[in-house]
Amino acid sequence: MQTRTLGTQGLTVSELGYGSMGTAVGYGPTDDTESVAAIRRAHDLGVTFFDTAEMYGWGEGEKLLGHALAPIRDEVVIATKFGFTQTFQPNSEVDHVRNVVDNSLRNLNVDAIDVLYQHTPDPSVPIEDVVGVMAEYVQAGKVKYLGLSNADEDTIRRAHAVHPISVLQNEYSIFARDTEPLFPVLDELGIGFVAYSPLARGFLSGAVKPRSEYGPNDFRQRIGWWAPENFDANVDIVRRLTALAETKGASLSQLALAWLLAQRDNLVPIPGSRNAGRVAQNVAAADLQLTDDDLALIADIAPNGGIGSRAS
Ligand SMILES: NC(=O)c1ccc[n+]([C@@H]2O[C@H](COP(=O)([O-])OP(=O)(O)OC[C@H]3O[C@@H](n4cnc5c(N)ncnc54)[C@H](OP(=O)(O)O)[C@@H]3O)[C@@H](O)[C@H]2O)c1
């Protein structure tokens, strides 16, 4: 597994990371023993970058990730995020940020958080105030690098003026392309990029099902790609991408991850899986080289990404 450098402050991680959201929320029932095995398999295969957030089970996801990584803490980079209320509204009030970050340190059972993200912009708190609090943690040695997530250009520029931002984490995949206009801004400011939901929440995993087949706790029931009017067109895109992957002896998820790695040097995808075997399949994407012809074919199959909204 190669490494990639995100930003200009020294943050260096494996070129494929691991997203742990599904170990706590979003994709239906979980099994902690299997999740821990999946996390440790990722590390065994060379992954050093692990992503979580306070809101993934309101601390439970952080505790599970911290437990799984405890024996190898010094070999990995752990990222977490703050910025929501438990009713999923933005909250980056400075007292709330301090409270959440202190809890995250305890939940993860670490002396320092490697990457601390604001999870989502909060229109009621100036970003300068938010980054000011984040920077206090850097100065205290309790956070190493700062990141933003789901942020727009104005937020990125204003935040970076207060304290260097090493990384932006936004949704990006063959299906979700709306973040691409931010790339010149990231290049100008020297900020790295983490691609979340790189398998389009599983649509690009080869295991997609109609929305009616997901359980009540599976948020994909509400995403536009799964809407009845879009689903068949998206399945057709997936069918053509899968056929292309097969010509290369690869799976659809490997094609989707290799496509991301080919977009930019300072980009790291963080696919999520609660299953060790599927983690291994995803990690093998690092060995898949896509040619210019492959990339052109993908652009032809999905010129504008998936059909319908990526949002719920
Ligand atoms: N900053 C943000 O606002 C934000 C938002 C969403 C996500 N994230 C981060 O990004 C990470 C990844 O995003 P995500 O989990 O939403 O979506 P994703 O990685 O695009 O897809 C995850 C889904 O694909 C399935 N899957 C993964 N690999 C597979 C394979 N090889 N074969 C078949 N199915 C496979 C997983 O199921 P199984 O678990 O059953 O394998 C899960 O249902 C999250 O864990 C989180 O850390 C951040």
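Residues numbered from 1 in each chain as written. Predicted model: local features only at pLDDT ≥ 70, side-chain atom pairs only at ≥ 80, totals over all residues. Heavy atoms only, no water.

(A) Structural view of the site of the ligand. Around the ligand, the surrounding shell holds 30 residues, and the nearest of these are Y27, D51, S273, R278 and Q281. R220 has a polar side-chain atom sitting 3.3 Å from an oxygen atom of the ligand. Note that a nitrogen atom of the ligand is positioned 2.9 Å from one of the side-chain N or O atoms of N282. Relative to its unbound accessible area of 900 Å², the ligand is 93% covered by the protein chains. A per-element tally of the shell around the ligand places helix α9 (residues 276-283) first, with three residues. Here the residues of the shell around the ligand are counted per class, giving ten nonpolar, 14 polar and six charged. (Near = heavy atom within 4 Å. Polar contact = N/O pair within 3.5 Å; in protein donor to acceptor, adjacent residues only side chain to side chain. Areas by Shrake-Rupley, 256 points an atom, 1.4 Å probe, with all protein chains shown as cover. Helix = DSSP H or I, 4+ residues; strand = E, 2+ residues; numbered from the N terminus. Nonpolar A, V, L, I, M, F, W, Y, C, P; charged D, E, K, R; others polar.)

(B) Expanded view of the nonpolar core. Grouped together as the largest cluster of nonpolar side chains are 86 residues, with contacts concentrated most on F50, I156, L168, L204 and L241. Sorting elements by how many residues they give to this core places helix α8 (residues 252-263) first, with eight residues. If we skip the residues at most four places from it in the chain, I156 touches L148, A151, L168, L182, L186, L189 and I191. In this structure, V13, A79, V115 and Y117 belong to the second largest nonpolar core, which totals 14 residues. (Core = buried A, V, L, I, M, F, W, Y, C linked by side-chain atoms within 4.5 Å. Buried < 20%, exposed > 50% of the residue type's maximum accessible area, 1.4 Å probe, protein only. Contact = heavy atoms within 4.5 Å.)

(C) Structural view of the side chain of N234. Looking at the secondary structure, you find N234 in helix α7 (residues 228-247). Among the polar contacts listed, one links the side chain of N234 to the backbone nitrogen of I307, at a separation of 2.6 Å. The contact partners of N234, leaving out residues within four places of it in the chain, are F175, F203, W225, G306 and I307.

(D) Fine view of the pairing of strand β9 (residues 192-196). The element β9 is largely enclosed, with a buried count of five among its five residues. Of the two faces of β9, the one lined by G192, V194 and Y196 and the one lined by F193 and A195 are each fully buried. Pairing of strand β8 (residues 167-171) with β9, which is carried by five bridges, proceeds in the parallel orientation. By the bridge assignment for β9, N170 is matched with A195. In this view, the connection linking β8 to its parallel neighbour β9 by way of helix α6 (residues 183-189) has right-handed handedness. (Pairing = 2+ DSSP bridges. Right-handed = clockwise from strand over helix to strand, strands pointing away.)

(E) Spotlight on the pattern of salt bridges. One pass over the structure, following the stated rule, counts 18 salt bridges. For R310, the salt bridge identified is with E171, shortest N-O distance 3.0 Å. Placement of the pair is R310 in the segment after α10 (292-301) and E171 in strand β8, with a sequence separation of 139 residues. You can call E171 buried: its relative accessible area is 1%. Of the charged contacts in the structure, one is a salt bridge between K248 and D294, with a shortest N-O distance of 2.7 Å. With K248 in the loop between α7 and α8 and D294 in helix α10, the pair connects residues that are 46 residues apart, well separated along the chain. (Salt bridge = Lys/Arg side-chain N within 4 Å of Asp/Glu carboxyl O.)

(F) Molecular detail of the side chain of S253. Examined against the element boundaries, S253 turns out to sit in helix α8. Once you skip the residues sitting within four places of it in the chain, S253 turns out to touch L199, L204, S205, Q281 and N282.

(G) Spotlight on the packing of aromatic side chains. By the definition in use, this model includes twelve aromatic pairs. On the basis of an interplanar angle of 85° and a centroid distance of 5.8 Å, the ring pair of Y172 and F193 is categorised as edge-to-face. A residue pair is termed long-range when its members are at least 10 positions apart, and Y172 in the loop between β8 and α6 and F193 in strand β9 qualify at 21 residues. As far as burial versus exposure is concerned, Y172 and F193 are alike and both buried. Look at F175 and W225: their rings are 5.3 Å apart centre to centre, the planes differ by 70°, and that puts the pair in the edge-to-face class. In this pair, F175 sits in the loop between β8 and α6 while W225 sits in the loop between β9 and α7, placing the two residues 50 residues apart along the sequence. Lying across the ring of F183, R264 places its NZ or CZ 4.3 Å from the centre. (Phe/Tyr/Trp six-rings, centres within 6.5 Å; stacked < 30°, edge-to-face > 60°. Lys NZ or Arg CZ within 6 Å of the ring centre and 35° of its normal.)

(H) Representation of unusual backbone geometry within the structure. Here the phi dihedral of N109 falls at roughly 60°; this positive angle occurs in a residue that is not glycine. With respect to the helices, strands and loops of the structure, N109 is situated in the loop between α3 (94-108) and β6 (113-118). Not every positive phi belongs to a glycine, and N150 is a case in point at roughly 60°. Within the secondary structure, N150 is located in the loop between β7 (143-149) and α5 (153-162).

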